[in-house]
Amino acid sequence: MVRHPLTDRAKFVDDHLEMIFDSAKNPLTGKQWWKAADEPWQCLAACTELEAALSSGDPQAFVSPFPVQQDGSCNGLQHYAALGRDVGGATKVNLAPSDRPQDIYAAVANLVNEKIEKDSALGLPIALKLRGKINRKIIKQPVMTNVYGVTPFGARAQIQERLKEFNVVPKEDYMEARKYLANEVFTSLKTLFIKARMIQDWLTLAAEEISRSVPADVAVHFGYKPELEVAVDAGGNVPGEKYRIPIPNQNSLDPFITRYPQTSVSWDTPLGFRVVQPYLKTRMVHLKTVIQTLSLRSSDKLDPVDIGKQVSAFPPNFVHSLDATHMFMTAMACFEAGITFASVHDCFWTHAATVDQMNVKIREQFVSLYSQPVLQSLRSDFLQFYGSYKVPIKVPLDEGKYAAKWRHINIPPVPEQGDFDIRQVLGSQYFFS
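Here is a short report on the structure shown in this document. It should be emphasised that the depicted structure is a prediction, and the values quoted were computed from it without experimental measurement. (Residues numbered from 1 in each chain as written. Predicted model: local features only at pLDDT ≥ 70, side-chain atom pairs only at ≥ 80, totals over all residues. Heavy atoms only, no water.)

1. Considerations on the packing of helix α8 (residues 136–146) against helix α9 (residues 152–165)
- Relative to each other, α8 and α9 sit at 160°, their axes nearing to 8 Å. Relative to α9, the element α8 is oriented roughly antiparallel. For the pair α8 and α9, the crossing hand works out as right-handed. For the pair α8 and α9, contact is made by Lys 137, Ile 138, Gln 141, Pro 142 and Thr 145 and by Ala 155, Gln 158, Ile 159, Arg 162 and Leu 163, respectively.
- Residues belonging to the contact of α8 with α9 are distributed by class as follows: five nonpolar, three polar and two charged. (Axes fitted to C-alpha atoms, helices over the stretch in contact; angles between N-to-C directions. Helix = DSSP H or I, 4+ residues; strand = E, 2+ residues; numbered from the N terminus. Parallel < 35°, antiparallel > 145°, perpendicular 65-115°, else oblique. Left-handed = near helix turned anticlockwise from the far one by under 90°. Contact = heavy atoms within 4.5 Å. Nonpolar A, V, L, I, M, F, W, Y, C, P; charged D, E, K, R; others polar.)

2. Focus: the sheet that holds strand β8 (residues 347–351)
- In spatial order, the strands read β1-β8-β7; together these three strands make up an open sheet with antiparallel pairing. Unpaired on one side and paired on the other, β1 (67–71) and β7 (342–344) mark the two borders of the sheet. Each neighbouring strand pair of the sheet contributes to a mean axis angle of 25°, computed without reference to strand direction.
- In terms of strand pairing, β1 meets β8 through five bridges, oriented antiparallel. Looking at the pairing, Val 68 lines up with Thr 350 of β8. (Pairing = 2+ DSSP bridges.)

3. Observations concerning empty space enclosed by the protein
- Enumeration according to the criterion identifies two cavities of 30 Å³ or more in this entry.
- Considering only enclosed or pocket space, the largest cavity measures out at about 60 Å³ in volume.
- As for the largest cavity, its lining consists of Leu 77, Asn 146, Val 147, Leu 189, Lys 190, Phe 193, Ala 196, Arg 197 and Gln 200.
- For the lining of the largest cavity, the secondary-structure elements that each account for two or more residues are α10 (174–192) and α11 (194–211).
- It is α11 that contributes the most residues to the lining of the largest cavity, three residues altogether. (1 Å grid on protein atoms, 1.4 Å probe; cavity = no way out; pocket = protein on both sides within 12 Å on 5 of 7 lines; lining within 4 Å. Points joined across faces, edges and corners; volume = space filled by probe spheres on them.)

4. So, the pattern of salt bridges
- If you walk through the whole model with that rule in mind, you get 15 salt bridges.
- Residues Lys 129 and Asp 173 are paired through a salt bridge, measuring 3.0 Å at the closest nitrogen-oxygen approach. In this pair, Lys 129 is assigned in helix α7 (residues 125–130) and Asp 173 in the loop between α9 and α10, connecting sequence segments 44 residues apart.
- For Asp 173, a relative accessible area of 8% corresponds to the buried category.
- One salt bridge connects Glu 161 with Lys 164, and the closest N-O pair in it is separated by 3.9 Å. Here Glu 161 and its partner Lys 164 are both found in helix α9, three residues apart, which amounts to about one turn of the helix.
- The exposure class assigned to Lys 164 is partly exposed, which follows from its relative accessible area of 42%.
- Residues joined by salt bridges that share partners form a network here, namely Lys 115, Asp 119 and Glu 184. (Salt bridge = Lys/Arg side-chain N within 4 Å of Asp/Glu carboxyl O. Buried < 20%, exposed > 50% of the residue type's maximum accessible area, 1.4 Å probe, protein only.)

5. So, α11
- Here α11 spans 26 Å end to end across 18 residues, near enough to the 26 Å set by a 1.5 Å rise per residue.
- Along α11, the positions that sit buried rather than exposed are Ala 196, Ile 199, Gln 200, Trp 202, Leu 203, Ala 206, Ala 207, Glu 209, Ile 210 and Ser 211. (Expected span 1.5 Å × (residues − 1).)

6. A look at the nonpolar core
- Core analysis: the largest hydrophobic core is formed by 83 residues, its most contacted members being Leu 95, Ile 104, Leu 130, Val 143, Phe 318 and Phe 382.
- At nine residues, α10 tops the list of elements feeding residues into this core.
- Beyond its immediate chain neighbours, meaning those up to four positions away, Leu 95 contacts Gln 78, Ala 81, Ala 82, Ala 90, Phe 366, Phe 420, Gln 424, Val 425, Ser 428 and Phe 431. (Core = buried A, V, L, I, M, F, W, Y, C linked by side-chain atoms within 4.5 Å.)

7. Let's talk about the pairing of strand β6 (residues 293–298)
- Pairing analysis gives six bridges linking strand β5 (residues 283–288) to β6, with the strands arranged antiparallel. Counterpart to His 286 in the pairing with β6 is Ser 295.
- The hairpin formed by β5 and β6 contains four residues between the paired strands.

8. Here's the deal with α9
- Given a rise of 1.5 Å per residue, 14 residues ought to cover 20 Å, and the 20 Å separating the end C-alpha atoms of α9 matches this to within 8%.
- Every buried residue of α9 is listed here: Gly 154, Ala 155, Gln 158, Ile 159, Gln 160, Arg 162 and Leu 163.
- Of the surrounding elements, those touching the buried residues of α9 are α8 and α10.
- A positive backbone phi angle near 50° is found at Asn 167, which sits one or two residues after α9.

Here is the structure:
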């Protein structure tokens, strides 16, 4: 749903009071205006409550239990823009004050349409078929889920559903259209959120280093010796290095040592909660019954970590942990102020009488969170927990052969931040609205 300025929203209510009263008094026998809303039942509930308040004789004294919500503006990207102090990105997701709400989905759709126009001029068949047909609704879902780890395959599936819904192209063009649009959505986001992409890449690299590393004392059971350790250059690189899976010492009787050599990614949130990613490799377990055999995937704490899942899941999980941190901080601030508060993800509720107060708390707590050196603290956390870990690698020799070596874990410095002043959030009325 496109968001309008607050003045336009108030005017919309004033202009439709007759329909609102009719919906409240005659929901099934009247003009049934409420049914045309995006969320009909929510609309009817609001109509009923507003009619009761305005008919009470003293609307300001009317006690309303009706929950009023405040939604984040593409909340995942808001967190990335705050982490990177990305001026352009912060503006697009309403961290900066503006006379009217910014629409990141429309911004991405505009960039995609610009590319479609260019490709149409070059005669690209799929661009010609998509020209003039792409709106924010078609690309909204992959934009929203991009920071939460949606894969190119997932984004294409999301876009295909919208292509069907809006009958954009014939069925035989779905495959090509969804691939083209998904690629352009990702490219557009990289253009709009340069710092966010740098942070995502840093989080991914850190997760790969950690998940492939081995505690120093455990590494000994996999052949580690100080003389086998290779020094890295100033950039943390070993020429020609490749990761390898360490081979356990077959004489070891410790199942933990032989089956679980590598590491789950874990970190502390700014509130001090420890988060541990649980992703382990699964094994097939076959259960035979008198009538059939069931094949189930199973894992236990001694199984190796699933490096691929550890790496791909960390950036979205880290952002989710910051999202939860902001929610907890807001909840505590509202509790201390005596404000009724409820939330689901980035949707916060309170009563109509305390919306303005909660609105202030949301912004204050977000600024408080990102006034801390969040990424620097994360890196310090990693160095504290994993600083002595070793990474098994193989270094190329002559004639395609490799030598089994080790190196020290390398958590690179965090990306440099931009120039956005996080305190601007305090004056942004559309940050949550």
